[in-house]
Amino acid sequence: MFATEHDKIEPALYDFLPPTCICLESRCNLASEGRGLMEPIQHQATLFTKDHGPVPVYTTSYNCHNCNIWYYHNYYVHGGATM
C-alpha cells in the first residue's frame, strides 16, 4: 500500500490529526498566548474499512514544547500518563 523508501511516495486517503491546534493545559503559557503546537510527527498507518478494505492513511501528532504534552487524533499524553 505504501511506497518503500526507494519508491515514489503515494498520497494517503486520510490524515488523522489532533482535534486542537493549541495546548489545552490551562496552566500553559503558550496556551494563554494562543500559540500553536509544534513538532509534527507523521506516521504511515493502515485503516481497515468495511466498504473499501485496507486503505493507506497517515496519523500526525503534535507537541507542546512548554508542557511536553503530545496530542494525537483521539488522546493526549503528558508525563507518561494517558487521558
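Computed from a prediction, not measured in an experiment: that's the story for all the values here.

> When you look at unusual backbone geometry in this model, what are you seeing that I'm missing?
Excluding glycine, residues mostly carry a negative phi; peptide bonds, for their part, are mostly trans. Non-glycine residue Glu 39 carries a positive phi angle of around 55°. Following the sequence through the fold, Glu 39 ends up in strand β2 (residues 38-49). Judged by its relative accessible area of 38%, Glu 39 falls in the partly exposed class. The backbone of Asn 68 shows a phi angle near 60°, a positive value even though the residue is not glycine.

> Looking at this structure, how should I read the nonpolar core?
Within soluble globular proteins, side chains that are nonpolar tend to cluster in buried spots. Judged by nonpolar contacts, Cys 23, Cys 28, Leu 30, Leu 37, Cys 64, Cys 67, Ile 69 and Tyr 71 together constitute the single largest core of eight residues. When neighbours within four sequence positions are excluded, Tyr 71 is seen to be in contact with Pro 18, Thr 20, Cys 23, Leu 24, Glu 25, Leu 37, Thr 60, Ser 61, Tyr 62 and Tyr 76.

> Help me out: how do you make sense of the pairing of strand β3 (residues 53-64) in this one?
Regular strands show a simple pattern: their side chains alternate between the two faces of the sheet. Pairing geometry for strand β1 (residues 14-16) and β3, over three bridges, is parallel. When the bridges of β3 are listed, Asp 15 appears paired with Tyr 58. Inspection of the sheet shows β2 paired to β3 by 10 bridges, in the antiparallel sense. The partner of Gln 42 across the bridge, within β3, is Thr 60.

About the criteria used
- Each chain carries its own residue numbering, running from 1 in the direction its sequence is written.
- A pLDDT threshold of at least 70 governs which residues receive local features in this predicted model, and a stricter bar of 80 or more applies before side-chain atom pairs are shown or counted, although totals over entire chains, interfaces and linings include all residues.
- No hydrogens and no water enter the side-chain calculation; it runs on all heavy atoms of the structure.
- The helix and strand labels rest on DSSP assignments: H or I over at least four residues marks a helix, E over at least two residues marks a strand, and numbering proceeds from the N terminus.
- The buried label goes to any residue with under 20% of its type's maximum accessible area, the exposed label to any with over 50%, and the partly exposed label to all in between, with areas taken from a 1.4 Å probe on protein chains only.
- We call a set of buried residues a nonpolar core when its members are Ala, Val, Leu, Ile, Met, Phe, Trp, Tyr or Cys and they connect through side-chain atoms within 4.5 Å of each other.
- Two residues form a contact once any of their heavy atoms are found within 4.5 Å.
- Strand pairing is defined by DSSP finding a minimum of two bridges between the two strands.

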